[in-house]
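Each chain, written out:
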Amino acid sequence: MHDHRKLGRELDLFDTDPLMGAGLPYWLPDGAVVRHTLEEYVREAERRAGYRHVYSPVLGKRELYEISGHWSHYSEDMFPPMRLGGEQVVLRPSLCPHHALIYRSRAHSYRELPLRMAELGGMYRAELSGVLGGLTRVRAIQLNDAHIFCTPDQAVDEARAALELIRQAYRALGIEDARYRLSLPGAGGKYVADPALWQRATALLAEVLDGSGVPYEAVEGEAAFYGPKIDVQVADSAGRESTLSTVQIDFHQPARFDLHYIGPDGAKHRPVMVHRSVIGSVERAVAHLIERHGGALPAWLAPTQIAVLPVSEAELPQAADLVRRCVERGLRAELAGPEQGSLGARIRSARLVPYQVVIGAKEAAADLLAPRLRSGQRLDALPANRFLTRVEALVGAHSTDLWDA
Ligand SMILES: [Zn+2]
């Protein structure tokens, strides 16, 4: 069983400091590589799926969250407002209100829809200090979020496409969905009161799930305050479930923000907002990846992809040259020379690195490599350039395979 907090510290990925505060982890260089690579993967997948990215500030005026409904339904999870002059500003509890305002800032025709707006942005949650730990319960969250503004007729197809994007990302990340959950409201005043809204959105989400053929379970009490959602659940090594990805169909916020588009009839119509997150928060996704893979991340995501291990001082120049060639190809390689200990010890400490390349006198003389894979498999000696080209292709394809024979 793997604990991402322990592995994260051992692998120098992230840490915390009491002076920064509980629930506010920082990312060390190797962790920052993982995070950056993951974020770029998501952005690229979104670009290919027709999303456009925006940036919006992590603060907003209190009135913004009064309009969105967060203030009345979600304030116990929000940081207290800061007074600034005569105003109150709040660390945002979600990105939706900002995106609604960005949509509203320009006139839209039905021809522009669906308009897919994405952002990897910061948000904040006032978690109690007792539940904080590692990357799973944090107060500062980097959310992979997007809002699709579309006509009611387009909502099901957009939600379905979002589910497909989630599945595609899970394949690249080597993670499995444990369960699909249709999250419905429960008892209590946590939810906006509008029965027609809930029925309509629930029917559309059920249509998405039924059409995609995945088994799912409806669970009461897990909805967002403004609407039902599809939660893609993952399980940790102890079998504990948590939500990584979500898809929601929302009629509430478009009405609250009075959003509209001009239809073919020349009149104003109300768009629907499909909220979706492919990998959820970056923090939770990385925590899950570390635990799921025991730190042995897919090669494209690994902080170091190739460990270069010269047998002795004599092969240092060739080893340094190989590292340079890796870097030129955009691969992440580290040189572990004899000053770091015996060859056996260096191989052991590189055990989570996807590719370990030992360079002895024979390899150095012929520019050949006899790589060993993290799985323990040894490859036959091959020319260095051929090896690097194969690795580059696997990494570029976001493959979870280390080698294709
Ligand atoms: Zn949203």
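The rules behind these values
Residues numbered from 1 in each chain as written. Predicted model: local features only at pLDDT ≥ 70, side-chain atom pairs only at ≥ 80, totals over all residues. Domains from an automatic or database assignment. Buried ≥ 20, exposed ≤ 12 C-beta atoms within 10 Å, placed from the backbone. Helix = DSSP H or I, 4+ residues; strand = E, 2+ residues; numbered from the N terminus. Pairing = 2+ DSSP bridges. Axes fitted to C-alpha atoms, helices over the stretch in contact; angles between N-to-C directions. Expected span 1.5 Å × (residues − 1). Arc of directions from axis to C-beta. Contact = placed C-beta atoms within 7 Å. Core = buried A, V, L, I, M, F, W, Y, C linked by C-beta atoms within 7 Å.

Here we look at the domain arrangement of the protein
Part 1 of the reasoning: Here the protein is partitioned into domain 1 (4-293) and domain 2 (306-396).
Part 2 of the reasoning: Taking only C-alpha atoms, the centre of domain 1 and the centre of domain 2 are 41 Å apart.

Comments concerning the pairing of strand 18 (residues 355-359)
Part 1 of the reasoning: Most of strand 18 sits inside the fold, with 4 of its 5 residues counted as buried.
Part 2 of the reasoning: Sheet analysis places strand 16 (residues 306-310) next to strand 18, joined by 5 bridges and oriented parallel. Among the inter-strand pairings, I306 is bridged to a residue of strand 18, identified as Y355.
Part 3 of the reasoning: Here 4 bridges tie strand 18 to strand 19 (residues 368-373), and the two strands are oriented antiparallel to one another.

Regarding the sheet that holds strand 5 (residues 82-84)
Part 1 of the reasoning: Read from one edge to the other, the open sheet built from 3 strands follows the order 4-6-5, with strand pairing classed as antiparallel. Since the sheet does not close on itself, it has two edges, and those belong to strand 4 (59-61) and strand 5, each with one partner. Recorded for the sheet is a direction-independent mean angle of 40° between the axes of neighbouring strands.
Part 2 of the reasoning: Summarising the sheet, strand 4 and strand 6 (residues 87-91) pair through 3 bridges and their orientation is antiparallel.

Some details on unusual backbone geometry
Where the residue is not glycine, phi is negative for most of them; where a peptide bond is considered, it is trans in most cases.
Part 1 of the reasoning: For the bond running from L113 to P114, omega is 0°, close enough to zero to count as cis.
Part 2 of the reasoning: Within the fold, P114 resides in the loop between helix 5 (96-104) and strand 7 (115-124).
Part 3 of the reasoning: One non-glycine residue, D367, adopts positive backbone phi at about 55°.
Part 4 of the reasoning: Tracing the backbone shows D367 in the loop between helix 12 (361-366) and strand 19.

Topic: helix 2 (residues 29-48)
Part 1 of the reasoning: Taking 1.5 Å as the rise per residue, helix 2 with 20 residues should run 28 Å; its terminal C-alpha atoms sit 28 Å apart, in good agreement.
Part 2 of the reasoning: All of the buried residues along helix 2 are G31, V34, R35, L38, V42 and E46. Along the axis of helix 2, the buried positions cluster into a sector of 100°, meaning they face one direction only. Exposed residues lying more than 90 degrees from the buried face of helix 2 are P29, H36, E40, E44, R47 and R48.
Part 3 of the reasoning: Check the buried side of helix 2 and you find it contacts strand 1 (14-15), strand 2 (26-27), strand 7, strand 8 (140-150) and helix 9 (282-293).

Comments concerning the sheet that holds strand 3 (residues 52-53)
Part 1 of the reasoning: On the basis of which strands lie adjacent, the open sheet formed by 8 strands has the order 3-7-8-15-12-11-9-10 and mixed pairing. In the strand order of this sheet, the two ends are held by strand 3 and strand 10 (216-220), each with one partner.
Part 2 of the reasoning: One ladder, built from 7 bridges, connects strand 11 (residues 229-235) with strand 12 (residues 241-250); its direction is antiparallel. Along strand 12, the bridge assignment pairs V234 with S242.
Part 3 of the reasoning: Contacting strand 3, strand 7 and strand 8, helix 2 runs over the sheet at an angle of about 160° to strand 7.
Part 4 of the reasoning: Those strands touched by helix 5 are strand 7, strand 8 and strand 15 (272-277), and its axis lies near 145° from that of strand 7.

Concerning the nonpolar core
Part 1 of the reasoning: Membership of the largest hydrophobic core comes to 88 residues, with the highest contact counts inside it found for A159, V274, V286, V308 and V357.
Part 2 of the reasoning: Here this core spans two domains, since at least three of its residues come from each of domain 1 (4-293) and domain 2 (306-396).
Part 3 of the reasoning: Once you skip the residues sitting within four places of it in the chain, A159 turns out to touch L205, V208, V247, I249 and V274.
Part 4 of the reasoning: In terms of nonpolar packing, the next biggest core, distinct from the first, is built from 5 residues, Y191, V192, A223 and Y226 among them.

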